[in-house]
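For reference, the chains in residue letters:
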Amino acid sequence: MLLAIDFGISNTDIAVSDRNQISFYTLTSQSSVISLNDIKKILKKINVERSSIKVIGVTGGKSSDLEESLDGIKIKKINEIEAIGLGAKKLYGIKDEPTLIVSAGTGTACVQVQGDDFNHLGGIAVGGGMLEGLGSLLLKNSKGFEINELGVNGSRNELDLLLGDVVNKIGNLSPELTAVNFGQVTNTPSISSEDTAAALCNMIGEVIGTVAYLNALLIGSKKACFIGRTSCLSGVINGINDRIELAGIEGKYNENREFGNAIGVLERITKQM
């Protein structure tokens, strides 16, 4: 049995490979300081016996500070950029063409994958953490999934200024595109939680989408492959697609992408066996 752990800021994701079957688990991250005792607690929560594990692979957070073994089980420390790249290659079947990977979690990172080379293009502090932080301030709700579900029943049109509201025409841009996020708030007397959530999710998606298409154009990629839990929120996805489609970039959203880093760790430790 092989165990892969991705210590994220908000969530700790686990992938377990046993007899060619992979199981996934996610737990709320408890602390930025990671110890062997944390791994023991994880094993207890997911009901995995230490005696059945051959190798533990870790990435994310400060996992590189961990000891080299746990009760004789070797701990392999995988660089997070490598984990992102390997996980995306497995999820999306990427070969040798230059491809943009967008890791949308608590924050957002962009990585170029080409063959076996992984290049960190940069990142932004906008992601699920910002969504939940602003959700807590504006909606008294800090759960991204619940904010997204609230937004499904709302509309951002009463809060955002759209291009069609402020100009007649700009090239071939749709009048439904956002000109100013939350640009109508000061003139809107009554704002529902549903509309606020819709506008918030859309704004997060538009920022991620803008960074994604700029990096895709930079490396000559016609697609952006997403991993990370924030890329699983429908309101955020809509905002991303509205932006990347402006540049002719196709967004890819494969199943289990929220476990992309853990999958990448599994790939590395499997190859090293």
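As shown above, the structure is provided for reference.
This is a predicted model, so every value here is computed, not measured.

Before going further, it helps to examine the overall build of the protein. Across its full length, the protein holds 8 helices and 13 strands. For the protein, whose C-alpha radius of gyration is 20 Å, the value lies close to the compact-globule estimate of 19 Å for 273 residues. Along the three orthogonal principal directions, the C-alpha set of the protein runs to about 65 × 40 × 30 Å. Per-residue burial for the protein yields a buried fraction of 47% across its 273 residues. When contacts within the protein are restricted to residue pairs at least 6 apart in sequence, those whose partners lie at least 24 apart make up 60%.

With that settled, consider the sheet that holds strand 5 (residues 69–70). Taken in spatial order, the 6 strands of this open sheet run 3-2-1-4-6-5, and their pairing is mixed. Looking at which strands have only one partner, the edges of the open sheet turn out to be strand 3 (21–28) and strand 5. Direction of pairing for strand 2 (residues 11–18) relative to strand 3: antiparallel, over a ladder of 8 bridges. By the bridge assignment for strand 3, D13 is matched with T26. The strands touched by helix 8 (residues 260–271) are strand 1 (2–7), strand 2, strand 3, strand 4 (55–59) and strand 6 (73–77); relative to strand 1, the strand with the most contacts, the crossing angle is about 140°.

Within the open sheet, the 5 strands sit side by side as 9-8-7-12-13. Their pairing is mixed. Taken across any chain shown, the strands that pair with only one partner, and hence form the sheet edges, are strand 9 (117–124) and strand 13 (250–252). If you compare each strand with its neighbour and ignore which way they point, the axes differ by 25° on average. In this structure, strand 12 (residues 223–227) lies alongside strand 13, joined through 3 bridges in parallel fashion. Along strand 13, the bridge assignment pairs A224 with G251. Here helix 2 (residues 80–92) sits on the sheet in contact with strand 7 (99–104), strand 8 (108–114), strand 9, strand 12 and strand 13, set at roughly 110° to strand 9.

This part covers the environment of V211. Here V211 shows up in helix 6 (residues 193–219). Separated by 26 residues in the primary sequence, V211 and I237 place their C-alpha atoms 14 Å from one another. Leaving out residues up to four positions away in the same chain, V211 has contacts with C110 and I124.

Turning our eyes to something else, we now look at the layout of surface pockets. Reported here for the second largest pocket is a volume of approximately 250 Å³. In terms of lining, the second largest pocket is formed by 13 residues, of which the most central are L2, S17, N20, I22 and T270. Split by residue class, the lining of the second largest pocket holds 6 nonpolar, 3 polar and 4 charged.

Below, the discussion takes up unusual backbone geometry. Residues other than glycine seldom take positive phi values, yet N20 does so here, at roughly 70°. Its identity is not glycine, yet K140 carries a phi of approximately 60°, on the positive side. When you line up the elements, K140 lands in the loop between helix 3 (128–139) and helix 4 (144–152). Residue classification places K140 among the exposed residues on the basis of a relative accessible area of 72%.

All right, on to the packing of helix 4 against helix 6 then. Their axes nearest at 7 Å, the elements helix 4 and helix 6 cross at an angle of 115°. The angle between helix 4 and helix 6 places the two elements in the roughly perpendicular class. Crossing handedness for the pair helix 4 and helix 6: left-handed. For the pair helix 4 and helix 6, the contacting residues are I147, N148, L150 and G151 in the first and S193, E194, A197, A198 and C201 in the second. Grouping the constituent residues of the contact of helix 4 with helix 6 by class yields 5 nonpolar, 3 polar and 1 charged.

If you trace the backbone, S103 turns up in strand 7. You can call S103 buried: its relative accessible area is 12%. When neighbours within four sequence positions are excluded, S103 is seen to be in contact with I84, T108, A109, I227 and N261.

Turning our attention to the nonpolar core. Of all hydrophobic cores here, the largest spans 26 residues; its most connected members are L100, V102, L131, I208 and F226. Put simply, the parts of the chain that give this core at least two residues each are strand 7, helix 3, helix 6, strand 12 and helix 7 (234–244). Ranked by the residues each element gives to this core, the list is headed by helix 6, at 11 residues. Each residue touching F226, except ones within four places of it in the same chain, is listed here: Y92, V102, I208, A212, S231, I240, G251, K252, Y253 and R257. Core analysis: the next-biggest nonpolar cluster, separate from the first, contains 20 residues, V16, I34, I39 and I73 among them.

So, how was this worked out
Residue numbering note: each chain is counted from 1, following its sequence as written. Local features in this predicted model are restricted to residues of pLDDT 70 or higher, and side-chain atom pairs are both shown and tallied only at a pLDDT of 80 or more, whereas totals for entire chains, interfaces and linings draw on every residue. Only heavy atoms go into the side-chain values, all of them from the structure, while hydrogens and water stay out. Helix numbering and strand numbering both begin at the N terminus, where a helix is a DSSP run of H or I of at least 4 residues and a strand a DSSP run of E of at least 2. Here the radius of gyration uses the C-alpha set of atoms, whereas the globule reference equals 2.2 Å times the residue count to the power 0.38. Burial status follows relative accessibility: with a 1.4 Å probe on protein chains alone, a residue under 20% of its type maximum counts as buried, one over 50% as exposed, and anything between as partly exposed. Contacts are residue-level and defined by heavy atoms, with any inter-residue pair within 4.5 Å sufficient. Two strands form a pair only when DSSP identifies at least two bridges running between them. Orientation is described by lines fitted to C-alpha atoms, with helices fitted over the stretch in contact, and by angles between N-to-C directions that extend from 0 to 180 degrees. For cavity detection a 1 Å grid was placed over the protein atoms alone, and a set of points counts as a cavity when a 1.4 Å probe fits there but cannot get out; an open set counts as a pocket when protein lies on both sides within 12 Å along at least five of seven lines, with lining residues being those that have an atom within 4 Å of a point. Grid points are joined across faces, edges and corners, and a volume is the space filled by probe spheres set on the points. Gly is put with the polar residues, along with every residue not named as nonpolar or charged; the nonpolar set is Ala, Val, Leu, Ile, Met, Phe, Trp, Tyr, Cys and Pro, and the charged set is Asp, Glu, Lys and Arg. Roughly parallel covers angles under 35 degrees, roughly antiparallel covers those over 145, roughly perpendicular covers 65 to 115, and oblique covers all other angles. Put simply, a crossing is left-handed when the front helix is turned counterclockwise from the back one by less than a right angle, and right-handed when it is turned clockwise. By convention a nonpolar core is built from buried Ala, Val, Leu, Ile, Met, Phe, Trp, Tyr and Cys residues, the set being connected through side-chain atoms within 4.5 Å.

Coordinates in, geometry out; function isn't part of it.
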